[in-house]
Amino acid sequence: MPLTFFATHPLIASLGRLEMTTEQRLSPGEVMEFHPSFHFRWEEPQQAYVLLYPEGIVKLNTTAAEILDVCVRGDRSIAEGSAILASRYEHPRIEAEILDFMELAYAKGWIRPKT
Amino acid sequence: MPKAGSGPRLDGLGMPLWLVVELTYKCPLKCPWCSNPVDFDRYRNEITTDEWKALLREGRRLGSLQLGFTGGEPTLRKDLDELVAYADHLGYYTNLITSGVGLDQERIRSLKRAGLKQVQLSLQACDSELSEKLTGLDVWKHKIDIAYALKAEGFPMVLNVPISRYNIGQTEALIDLAADLGVEYLEFANLQYYNWALINRSELLPTREQLRCSEEAVARARKKLGTRLTIYFVVPDYFDDKPKACMNGWGAIHLTIAPDGTALPCQEARLIKDITFPNVREHGLDWIWHNSPAFMKFRGDDWMKEPCRSCSEKEKDFGGCRCQAFLLTGDASNTDPVCRKSPHRHLIDDIVSAAAERRKQGREEPLIMRERKASLPS
């Protein structure tokens, strides 16, 4: 069973055979949830947040993990999550970057719009 | 194929991220490409439930995250459900790799309750006739029923189809079937030629033309189905110019435990006859992973010879597959002969052309099925 190592974004590294990527657009008003196959959690030996999914692992850097924690686990819209992170980091233009990352996470199937 | 980039490294930090436990070599199916050792029947001394549990604890301490239960047919072990529950409790993401034989509605529910996260179900054909020819048993209908039952229970699923010249023509039909079943992933696992598949290689190899048609069918389906179904196509490496980045390198992230407790850097590694692999009954997993001569042997790139040593690709493909180098060149430290730069590449080309010639002449020999008393070529 060949496995491949690849990094797909400056904020993440993933390792797995099964991964989809398609173009996805999201609006800032959207509330997202984790796809049921994806488990988001702190992993002590890696000293990092990881996403575990069928036959794959994504290791998140601090920024990526914080975005998912505030916007997805926090059950907020992308805009609300962005406002929290913008004030936390005194970085008013953060929303575009967060939206960008959320679209990547959506394209990869980690998250989906909450219905 | 995904390419290595410059993000945070997920090289495991020297941890065995991927733990594969082969609970048993027993299996009712007789697939002639089985990856189990040809002498599988010699390994009857299966490790016990408590031994597996101790090993799972040690694995988590070493940083293992993904856990694959496989075999043989892992559902034949009555303690599978208990081990899944234990592994889930320890924090593993648990995957079951099964033929579906040995599962029924009740067992599926029990595994769900135990915390099993995902199922990889094998399917050999899209009709019962070819399925029976390839597995030696009339199990197709049961497998389809099990696929529906697993979906009904909410498991994310990979449908894994081992591909040979016999079923490669069914690519399109298999995609339609996978879409009907509602699985998330379909994996066309073009056979890799080790153990039983190696014995039957000249009968199993597809032709270049078959491969081209199959790849085209996959490309069409990807366009049509989009995110509904992710199709993974494992490149048959005999037809490739570059070797596969096998296991992400020897002893890098992958650890397999065989039914008798032998620890292996990959499921096939036992075929390299000049390495003695350590056993979890005799050594701690920590020592096995970090210090045992078997796991150190091809770790990193100090062991490499030319053309690997000076190759710009060596950090991407790790020199390819050690088992393939051993099987085809007699020396596991040689460059994988699949590589165009290997002085042994002609061996691969000769094998592919000889198989193509057999097809042209319409020659066909019976497949040697995986059985205890199979009459093996000497």
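Quick notes on the rules
Residues numbered from 1 in each chain as written. Chains lettered and ligands numbered in written order. Predicted model: local features only at pLDDT ≥ 70, side-chain atom pairs only at ≥ 80, totals over all residues. Heavy atoms only, no water. Phe/Tyr/Trp six-rings, centres within 6.5 Å; stacked < 30°, edge-to-face > 60°. Buried < 20%, exposed > 50% of the residue type's maximum accessible area, 1.4 Å probe, protein only. Helix = DSSP H or I, 4+ residues; strand = E, 2+ residues; numbered from the N terminus. Axes fitted to C-alpha atoms, helices over the stretch in contact; angles between N-to-C directions. Parallel < 35°, antiparallel > 145°, perpendicular 65-115°, else oblique. Contact = heavy atoms within 4.5 Å. Nonpolar A, V, L, I, M, F, W, Y, C, P; charged D, E, K, R; others polar. Pairing = 2+ DSSP bridges.

A. View of the packing of aromatic side chains. In total, this model carries 13 aromatic pairs over all chains according to the counting rule given. Judged by centre distance (6.4 Å) and plane angle (65°), the rings of A:Phe101 and A:Trp110 are edge-to-face. A residue is classified by how much of its surface remains accessible, and A:Trp110, at 1% relative accessible area, is buried. Each ring, one from B:Phe40 and one from B:Trp196, has its centre 6.2 Å from the other, and the planes form 55°; the classification is tilted. Here the residue B:Phe40 occupies a position in the loop between strand 1 (18-22) and helix 1 (49-61), and B:Trp196 occupies one in helix 7 (residues 195-199), the gap between them amounting to 156 residues. Since its relative accessible area comes to 11%, B:Phe40 is described here as buried. Of the residues examined, B:Trp196 reaches a relative accessible area of 0% and is grouped as buried.

B. Local environment of the packing of helix 1 (residues 62-73) of chain A against helix 3 (residues 94-107) of chain A. Residue and element names in this part refer to chain A. Between helix 1 and helix 3, whose axes approach to 11 Å, the crossing angle comes to 90°. Comparing the axis directions of helix 1 and helix 3 gives the class roughly perpendicular. Taken together, the residues of helix 3 that come into contact with helix 1 (itself represented by Ala64, Ile67, Leu68, Cys71 and Val72) are Ile98, Phe101 and Met102. Partitioned by chemical class, the residues of the contact of helix 1 with helix 3 number eight nonpolar, no polar and no charged.

C. Inspection of unusual backbone geometry at higher detail. At the junction of B:Gly71 and B:Gly72, the peptide bond is cis and its omega measures out at 10° in the coordinates. By secondary structure assignment, the location of B:Gly72 is in the loop between strand 2 (66-70) and helix 2 (80-90). In this model, A:Glu55 sits at a positive phi of 60°, which is unusual for a non-glycine residue. Along the chain, A:Glu55 turns up in the loop between strand 5 (48-53) and strand 6 (56-60).

D. Looking closely at the sheet that holds strand 4 (residues 118-122) of chain B. Residue and element names in this part refer to chain B. Ordered by their spatial adjacency, nine strands build an open sheet running 7-6-5-4-3-2-1-8-9, and the pairing between neighbours is mixed. Edge positions in the sheet fall to strand 7 (230-234) and strand 9 (263-264), since each has one partner strand and no second. Of the strand pairs in this sheet, strand 4 and strand 5 (residues 157-163) are connected by four bridges, and their pairing is parallel. Across the sheet, residue glutamine 120 finds its bridge partner in strand 5, namely valine 158. Against the sheet, helix 2 makes contact with strand 2 and strand 3 (93-98), and its axis sits at roughly 175° relative to strand 2, the strand it touches most.

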